[in-house]
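# Structural characterization, general
Here are the chains, one letter per residue:
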Amino acid sequence: MTSPAPPAPAHRGRPDRPSAPTALPAGLERRLRDIAGAGAVVTDSGRLLVYESDALGRFHQAPLAVVLPADTQEAAAAVRAVHDAGLAIVPRGAGTGLSGGAVAAPGTVMLGTARMNRVLGFDPARRVARVQAGVRNSQLASLVRPRGLVYAPDPSSQAACTLGGNVAENAGGPHCLKYGVTRRYVQGLTMIDGNGTVVEIGGGSRPRGDGLDLLGPLVGSEGCFGLVTEIELGLVPETEGVRTLLGLFETTAEAGEAVTAIISDGLLPAALEIVDRHTITAVESSPFRAGYPRGVGAALVVEFDGRESELDADAARAEAHCLAAGATEVRRATDEADRLRLWQGRKKAFGTMGRLAPDLMVQDATVPRSILPEVLRGIDDVAARYDLRIANVFHAGDGNLHPNILYDRRDEELTERVERAAGEIMKICVDAGGTITGEHGVGLDKREYVHLVAGPDELAAMAAVRDAYDPQGRWNPGKVLPDDVATGSGRGFTPRPPVTRVEVSAPDLSVRAPGDVPWGSVLVAMAEDRQWSPIAAGSPELPVSDALRLDLGPLEAVYGPVRESVLGATVETPEGRRLHLGGRVVKNVAGFDLLGLFLGLGAIGRIEEATLRSYPMPDVVEVLRWPADVDGSALPGWPHAQVVTGETHAVLLSGTAAWVDHERTRLKQARGAPVSHDRGGDALRDFARAFDPVAGMEGGVAAEDVCVVEVRPGAASDEGVRFGEVVASVAAARWSWDPTLRRGRVATRAGEAGVAEWTAVARTLAYEGGGCAMLPPASGRAAPERAAALREAIRAATRHGHPEAAGADRIEARVRAAFGAAFGVGS
Amino acid sequence: MSDETRPRGASDTSRAASRPGATSVDPIDILAGRMDAAEEGLLTCVHCGFCLPACPTYRELGDEADSPRGRLHLMRAVAERRLDPASDAFQTHMDRCLGCRACEPVCPSSVPYGSLLESARRVARSAVPARKRSAGRTVEVMLRLFRHPLALRVALSAARLARALRLPTLARRLAPGGRVGEGLRFGAAMLEASGGRGARPVAPDPGRTSRLAGAPVGPRVAFLPGCVQGSLFGRVVDASDRVLTRNGCDVARMGAGGCCGALHAHAGDHDGSLDLARARIGEAERMGVDLVVTDAAGCGAAMKEYGEWFEANPAWAERAAAFSSKVRDVTEVLAELGPVPGGELRRTVAYDPPCHLRHAQRADGATATVLAAIPGLEVRTVADPDACCGGAGIYGVTHPELGGAVGDRKVSEVRATGATCVATGNPGCMMQIGAGLILVGSRMDVVHPVELLDESYALLDGER
Ligand SMILES: Cc1cc2nc3c(=O)[nH]c(=O)nc-3n(C[C@H](O)[C@H](O)[C@H](O)COP(=O)(O)OP(=O)(O)OC[C@H]3O[C@@H](n4cnc5c(N)ncnc54)[C@H](O)[C@@H]3O)c2cc1C
Ligand code: SF4
Ligand code: SF4
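A few words on the site of ligand 3. In the vicinity of ligand 3, the residues found are Cys55, Pro56, Pro68, Arg71, Cys97, Leu98, Gly99, Cys100, Arg101, Ala102, Cys103 and Tyr113 of chain B. Tallied by class, the residues present in the shell around ligand 3 amount to nine nonpolar, one polar and two charged.

Encoded structure:
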């Protein structure tokens, strides 16, 4: 085979890594068979061949053995056995990855999740499911659909790929434009570390506010941080209707212009997808014909979902934009079958390319969508100069391109040309403010290109965080980071010049701001371009850096946690080192994602500047209030942001006037007439403030004197009742409850709530799968002694009910220490 | 790839040789040749993995070597001469494939898995001496039997006799434990299942097979009873005959015991399959008919592929293609004619499409039309209709554990419908599902869809 030789055994430059063995150590096979059963262990060299590559097919290396455990316990035992033998492990899901991530490094053992395919729990009321890592994406989707719920991330490979693989790659899909990628839906998970210890991360064991966001970096870690065995995933309610349009264009650049026009107009379709001429040919000559006419140069799929009452108007506006951009024809899917056929063609596009050429160089670069047309022209130019055929199929709404180069790897000269062209395309995208991979990951394939998007400091920080999760270098060696992390000189990476003022880019749905300007001034600048942000800082005077730390997430039910709003940031670590993380594109999986470590109350460092995701400004914002009633049940339908306090149950409605009217009528029917009904910015501000229990506390208490505890009842309890009991038993001064996300906050004066009461509460909650945690003081100053003692007691009691969270605490300690060590302070 | 590993430039000849119509080439060249033919070769597999969840053996075992992509990868490794075709890996995994072709319709690249499997099995078969073949002697004996109409007739008559004497029931109860015992027990249950009551326990009435007065004038039809169907499911053949006649066809039966060669092709017995195909083509030509019809989905699928089998053989290519173009499943003919409605039949039936109708012929839609011609019949679809029942010829006998596990899923889905009988259009599936039902003590009947239509006609005629 002429496929590139698999990279040299990855030593990661760490002395503790054993050198690659060529045979399975004596006794290991036996031990694995005892653990997982004879049929679940593959050691025969012939059978191992089928595990030598993933869907990329560019890299080939068979592992020494494959083990297929059935559950977390078996997996942990298998990891221990492999660990004892001194070998590293490569996790594998369905092997649909497109970056060589699930290809073994020489001398490693592969651990496949194919048998870990059970759904462990599904709670329609709480909109959450717990699955084993080997459950397929579409398996979950079809399980929850009959209950009116959707698992939103829908990679084109969803029929085959596993949710564990989705988490490892932070997979996206056509509908992620509106709904966000996998990370947004991961609420907690169970993983196995290099020693074979089972570690619980997130979920009830680590409620918000309790330290670092350890889930964030884990999602998208490509199997390098540990093996994910169980995942708790959030679900969203199905929308009322959909409208699907197909715009036909002569060129992809025209289709790209239509995309920019649609977004700039404030429309937010669920999906915006483009397929180009070559792809159309392939799809149409396959059994998955989508009815794209031959001869067109590009087809743009636009899909809206939401309220029936609004969809036609949205579709009409999008249609007008398509025609204005030069569409020769715009079609509407007439029925569900028509719509599915259309999507089928798009989703199978990659596979059908097998009919065009024996091999594909799969590209995945992402660019800010406003410069899509220019980038597309640049790619056409590369195709012409290198005399190559490039079939482009992409998530245009996200700016995520898949310009796949068609070739035949048996032709060496051609292969070499293809590789140079691929490098050039990535360079074009990075120069345009984009990144090298939006959803497929770096794996083996793009390691060298990580230099384009990360300098030596960033690479060192990524390596340090990886080592904090995997200190012994046991997981998926040789992936993601380039070999020369330590010595690399930042080849090709040029950080963006710092911003001095707020820069709004409406077509990109993003805003860039220095960390020290007031949050209010950012909102004002955004409003001028009819944009807004769901981050609610409490006070408009707070600087951006504090807003990102303190956001209590009143709108989280609709827009996701604060991490979802941050596309990139320049941060300063405690040692004064500056890191440029993320970028200004909505999808980015180039390297390990450290952004989460610098957000929220547990943040490691300070934000110097940030690029935030913005949203089209809603036409109307309204808050309806009813008498308080903590029955724990959220209102049905799309999760509106809601807050229940001692006084009222407030519901926020935002959107077009027609939609807000519709929802108001519906809610009145369900709950009776509201006691109050406010509109506009003030109403929104009051709503957000209700989330902050300290804000309304009487008697002018000093901030340090107040303890705020975030409470998350577990699946096993009747949440509303349980939260009510908590409030009663700890002498709460104030409280707030979010019935959509089912969690609450309780404020007590440090002097009033007893350690004993809180300990009892924390234990009960943890026993039922939930938990609680005291938020760090908002001032950032150290808590007074009494509060510190209370914090420790709550933490200990919560951990007691989640023994497997001990591993997470160890990881957190190592992450914090690693920053010191990596930058020469305190080590 | 270097020149030693794959004869470059030789692709055309080796591709031609890949057709079962040509003779004496190194069978590995067949696979190697098929790597190059961009339209239909191994190289069209882009390794996307979409076929994994469709595959019953992968779903059961979780090992990618038992997935379509894995099997194609092994084939490619053999073609590239990186893997010995006599190796345990190649032998075992080619053998374990059910041949259900559920992997074909989901493949975005339209990899012709079924025909690649036939080439691969040919390679596998010629790589090891018969006695060492992993499926063992059972398959070899069966294949030899099915090649000779007379011997086959004797064997199947013996089976029918055994069935009449209720020997299978006895054998099933007495079979020893262990792998061999499991296979025996299952085989006995299959035989027992073939003796099911059927929808209409009436004796064939040759007098009624002539065209009914006033019936529309339909096509002249050569009907292939199929070897298993013809012998063990005579009642189905008779029902098909009556139903076709009722709908205006002029039915003439092809020679009893004439096998279509499907089993041989699936098992990699290349020469055997071609001999039988030539015989069937000749026979149909002599009969001078419009259509060649069968009620066994497996036979139909094979006969529709004769054209491809002989593509590279100038002497036979045209004749085979003409033959294949005439082949229909019995339900297809009925659906095309628009079946005459029957009398009211108050029953609930679970319908499970045979893989060879659904995936290989992609024609299972016709069955719905046939069943819709029966007033009062409530049809319930079996969940996961894409999944194989595990029948795959004699899979349940040669691979009792895996076949059993695959079959168990199907049997529980069938029972979950709550219907009183299950309809499926292939003898292997009827026996497989029937055997599974017997072993779990269910009293559900297994019928062919045409039997229901036949019964409905009988009710209309007031025969009962
Ligand atoms: C035709 C086609 C279309 C695609 N479309 C999309 C798309 O629209 N969007 C998208 O995002 N991706 C897409 N992909 C890429 C791929 O399907 C995704 O990356 C998917 O998430 C991989 O899942 P998998 O189960 O196949 O993982 P694998 O390929 O087996 O593994 C991928 C990586 O995850 C790691 N991993 C797997 N399971 C675990 C686990 N349990 N714990 C820790 N690490 C693990 C592996 O080590 C490897 O690094 C597409 C692929 C194909 C072939
Ligand atoms: S679905 Fe088709 S192209 Fe994809 S791996 Fe399977 S056989 Fe290959
Ligand atoms: S034919 Fe059936 S058993 Fe064989 S690989 Fe395809 S799906 Fe699997």
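All right, on to the packing of helix H13 (residues 372–386) of chain A against helix H14 (residues 412–431) of chain A then. All names here are of chain A. Orientation of H13 relative to H14, taken along the N-to-C sense of each, is 160°, at an axis distance of 10 Å. It follows from the interaxial angle that H13 and H14 lie roughly antiparallel. When the axes of H13 and H14 are compared, the crossing they make is right-handed. Contacts from Val375, Gly378, Ile379, Val382, Arg385 and Tyr386 of H13 reach H14 at Arg417, Arg420, Ala421, Glu424, Ile425, Ile428 and Cys429.

The subject of this paragraph is the domain arrangement of chain A. Residue and element names in this part refer to chain A. Per the domain assignment, the segments making up chain A are domain 1 (1–231), domain 2 (503–616) and domain 3 (620–818). Opposite the 17 residues of domain 2 that make contact, domain 3 presents 21 residues. Among the residues of domain 2 in contact with domain 3, Leu552, Pro554 and Ala557 are the three that bury the most area, contributing 35% of the side total. On inspection of domain 2 and its partner domain 3, the count reaches one salt bridge. Note that glutamate 556 and arginine 743 form a salt bridge whose closest N and O atoms lie 2.9 Å from each other. At the surface where domain 2 touches domain 3, the tally comes to one residue pair in polar contact (both at pLDDT 80 or more). Counting only elements with at least two residues in the side of domain 2 that touches domain 3, the list comes to helix H17 (544–550) and helix H18 (556–559). In the side of domain 2 that touches domain 3, the residues fall into 13 nonpolar, two polar and two charged.

To continue, consider the pairing of strand S12 (residues 241–249) of chain A. All names here are of chain A. Most of S12 sits inside the fold, with eight of its nine residues counted as buried. Bridging between S12 and strand S14 (residues 298–306) involves nine bridges; their strand directions are antiparallel. Bridge pairing links leucine 248 to alanine 299 in S14. Note: S12 against strand S15 (residues 329–332), four bridges, orientation antiparallel. The residue of S15 that forms the bridge with leucine 248 is glutamate 329.

Residue and element names in this part refer to chain B. As assigned here, chain B comprises domain 1 (3–128), domain 2 (206–335) and domain 3 (339–462). Averaged C-alpha coordinates put domain 2 and domain 3 at centres separated by 21 Å. Tallying the contact residues gives 28 residues for domain 2 and 28 residues for domain 3. Each partner contributes to the roughly 2300 Å² buried at the junction of domain 2 and domain 3, and carbon and sulfur atoms together form 65% of this total. Considering only the surface of domain 2 that becomes buried against domain 3, Arg246, Ala297 and Thr331 emerge as the three largest contributors, covering 24% of it. Summed over the shared surface of domain 2 and domain 3, the result is three salt bridges. Here arginine 242 makes a salt bridge to aspartate 454, at a shortest N to O gap of 2.7 Å. For the side of domain 2 that touches domain 3, the elements supplying multiple residues, two or more each, are helix H11 (227–232), helix H12 (234–246), helix H13 (262–267), helix H15 (297–304) and helix H18 (330–337). It is H12 that provides the largest number of residues to the side of domain 2 that touches domain 3, a total of seven residues. Within the side of domain 2 that touches domain 3, the residues separate by chemical class into 13 nonpolar, seven polar and eight charged.

Bringing the sheet that holds strand S13 (residues 271–276) of chain A into the picture now. Two pairing modes exist for strands in a sheet, parallel and antiparallel, and in both the strands are linked by backbone hydrogen bonds. Residue and element names in this part refer to chain A. With antiparallel pairing, the seven strands of this open sheet are ordered in space as S15-S12-S14-S13-S17-S18-S16. Looking along the sheet, the strands with just one partner apiece sit at the ends: S15 and strand S16 (359–361). Adjacent strand axes in the sheet meet at a mean angle of 20°, parallel and antiparallel pairs treated alike. The sheet contact formed by strand S17 (residues 389–395) and strand S18 (residues 403–407) spans four bridges and is antiparallel. By the bridge assignment, arginine 389 is partnered in S18 with leucine 406. Contacts from helix H8 (residues 252–264) reach S12, S13 and S14 within the one sheet, and its direction differs from that of S13 by about 170°. With respect to the sheet, helix H9 (residues 277–284) is in contact with S13, S14 and S17, its orientation differing from that of S13 by roughly 85°.

In this description, a pair of aromatic rings is defined by centroid distance and the angle of the planes. On inspection of all chains with the given rule, the structure shows twelve aromatic pairs over all chains. Here the aromatic rings of tyrosine 306 of chain B and phenylalanine 323 of chain B are separated by 5.1 Å at their centres, their planes lie at 20°, and the arrangement is stacked. Of this pair, tyrosine 306 of chain B sits in helix H16 (residues 306–309) while phenylalanine 323 of chain B sits in helix H17 (residues 317–326); the two residues are 17 residues apart in sequence, bridging distant segments of the chain. Under the relative-accessibility criterion, phenylalanine 323 of chain B is labelled buried at 4%. Among the aromatic residues, ring-to-ring pairing joins Phe225, Tyr469 and Phe592 of chain A into one connected group. Sitting over the face of the ring of tyrosine 457 of chain B, arginine 246 of chain B holds its NZ or CZ atom 4.7 Å from the ring centroid. One residue, arginine 278 of chain B, lies across the ring of tryptophan 316 of chain B, its end atom 5.7 Å from the ring centre.

Regions of empty space are outlined by a rolling probe, equal in size to a water molecule, passed over the atoms. Residues and elements named next belong to chain A. Its volume calculated, the largest cavity comes out at about 1200 Å³. Lining the largest cavity are 50 residues, with Val186, Gln187, Glu556, Pro561 and Arg743 positioned closest to its centre. Elements supplying a minimum of two residues to the lining of the largest cavity: strand S8 (186–192), strand S9 (198–202), helix H7 (215–218), strand S11 (236–237), H17, H18 and strand S30 (706–712). In this structure, the second largest cavity is lined by 48 residues; those nearest its centre are Thr96, Gly97, Leu98, Ser157 and Glu169. For the lining of the second largest cavity, the secondary structure elements donating two or more residues are strand S3 (89–92), helix H5 (163–169), strand S10 (227–234), helix H11 (336–347), helix H12 (349–352) and S17. It is H5 that provides the largest number of residues to the lining of the second largest cavity, a total of five residues. In the lining of the second largest cavity, the residues fall into 19 nonpolar, 22 polar and seven charged.

Attention now goes to the interface of chain A and chain B. Where interface size is given, it is often the accessible area lost as the parts come together that is meant. Facing 39 residues of chain A, the contacting portion of chain B comprises 35 residues. For the pair chain A and chain B, the summed buried area comes to about 3100 Å², and 54% of that belongs to carbon and sulfur atoms. Our count for the contact surface shared by chain A and chain B stands at three salt bridges. In this assembly, chain A and chain B are joined by twelve residue pairs in polar contact (both at pLDDT 80 or more). Elements supplying a minimum of two residues to the side of chain A that touches chain B: helix H2 (45–48) and H12 of chain A. By residue number, the principal contributor to the side of chain A that touches chain B is H12 of chain A, which donates three residues. Taken together, the residues of the side of chain A that touches chain B sort by class into 15 nonpolar, twelve polar and twelve charged.

This part covers the side chain of asparagine 404 of chain A. Among the structural elements, asparagine 404 of chain A can be located in strand S18. When sequence neighbours within four positions are dropped, the list of residues in contact with asparagine 404 of chain A reads Phe350, Met353, Leu360, Met361, Val362, Gln363, Arg389, Ile390, Ala391 and Val393 of chain A.

Looking now at the pattern of salt bridges. All names here are of chain A. Applying the stated criterion to the full structure yields 87 salt bridges over all chains. Arginine 145 is the salt-bridge partner of glutamate 238, the closest N and O atoms lying 2.8 Å from each other. Of this pair, glutamate 238 sits in the loop between S11 and S12 while arginine 145 sits in the loop between helix H4 (137–144) and strand S7 (149–150), placing them 93 residues apart in sequence. Taking relative accessible area as the criterion, glutamate 238 reaches 37% and is therefore assigned partly exposed. Several salt bridges converge on common partners, so that one network encompasses Arg243, Glu308, Asp312, Glu319 and Arg332.

A few words now on the sheet that holds strand S2 (residues 65–67) of chain A. Residue and element names in this part refer to chain A. Spatially, S1-S2-S4-S3 is the arrangement adopted by the four strands of the open sheet, whose pairing is mixed. Single-partner strands in this sheet number two, and they are strand S1 (41–42) and S3. One ladder, built from four bridges, connects S3 with strand S4 (residues 109–112); its direction is parallel. Of the residues in S4, the one forming a bridge with valine 90 is methionine 110.

Quick look at the packing of helix H22 (residues 400–416) of chain B against helix H23 (residues 427–439) of chain B now. All names here are of chain B. The interhelical angle for the contact between H22 and H23, taken along N-to-C directions, is 80°, at an axis separation of 9 Å. Taken together, the axes of H22 and H23 are roughly perpendicular relative to one another. Side by side, H22 and H23 meet where Gly403, Gly407, Lys410, Val411, Val414 and Arg415 of the first sit next to Gln432, Ile433, Gly436 and Leu437 of the second. A class-by-class count of the residues in the contact of H22 with H23 yields four nonpolar, four polar and two charged.

Conventions adopted
- Residue indices begin from 1 for each chain and proceed along its sequence in written order.
- Here chains are named by letter from A upward and ligands by number from 1 upward, in the order in which they appear as written.
- Note on the predicted model: pLDDT of at least 70 is required for a residue's local features to be given, and 80 or more for side-chain atom pairs to be given and counted; whole-chain, interface and lining totals, by contrast, use all residues.
- The side-chain numbers reported here are obtained from all heavy atoms of the structure, hydrogens and water having been left aside.
- One heavy atom suffices: a residue is near a molecule or strand as soon as one of its heavy atoms comes within 4 Å of it.
- For this scheme, ten residues count as nonpolar: Ala, Val, Leu, Ile, Met, Phe, Trp, Tyr, Cys and Pro. Four count as charged, namely Asp, Glu, Lys and Arg, and the remainder, Gly too, count as polar.
- The angle between two axes is taken between their N-to-C directions and runs from 0 to 180 degrees, where each axis is a line fitted to C-alpha atoms and a helix contributes only its stretch in contact.
- Each helix corresponds to a stretch of at least 4 residues labelled H or I by DSSP, and each strand to a stretch of at least 2 residues labelled E; elements are numbered beginning at the N terminus.
- Orientation is classified from the angle alone, with under 35 degrees giving roughly parallel, over 145 giving roughly antiparallel, 65 to 115 giving roughly perpendicular, and any other angle giving oblique.
- In this scheme the crossing of two helices becomes right-handed for a clockwise turn of the near helix relative to the far one and left-handed for an anticlockwise turn of less than a right angle.
- Contacts: residue pairs with any heavy atoms within 4.5 Å of one another.
- What marks off one domain from the next here is an automatic or database domain assignment.
- What gets called buried area is simply the loss in accessible area from a 1.4 Å probe that two parts show on being joined, summed for both.
- Salt-bridge detection follows one rule: a side-chain nitrogen of Lys or Arg within 4 Å of a carboxyl oxygen of Asp or Glu.
- What qualifies as a polar contact is a pair of N or O atoms within 3.5 Å, subject to a donor-acceptor requirement within protein and to the restriction that residues adjacent in sequence count only when both atoms come from side chains.
- Partly exposed residues are those whose accessible area sits between 20% and 50% of the maximum for their type, while under 20% is buried and over 50% is exposed, using a 1.4 Å probe and protein chains only.
- Here, a strand pair is defined by DSSP locating no fewer than two bridges between the strands.
- In summary, the pairing rule links any two rings of Phe, Tyr or Trp, Trp by its six-membered ring, whose centres are within 6.5 Å, and it sorts them by plane angle into stacked for under 30 degrees, edge-to-face for over 60 and tilted for everything else.
- Sitting over a ring, as applied to charges here, requires NZ of Lys or CZ of Arg to be within 6 Å of the ring centre and within 35 degrees of the ring normal.
- Using a grid of 1 Å spacing that covers the protein atoms alone, one calls a set of points a cavity when a 1.4 Å probe fits there but cannot get out, and a pocket when the set is open and has protein on both sides within 12 Å along at least five of seven lines; lining residues are those with an atom within 4 Å of a point.
- Grid points are joined across faces, edges and corners, and a volume is the space filled by probe spheres set on the points.

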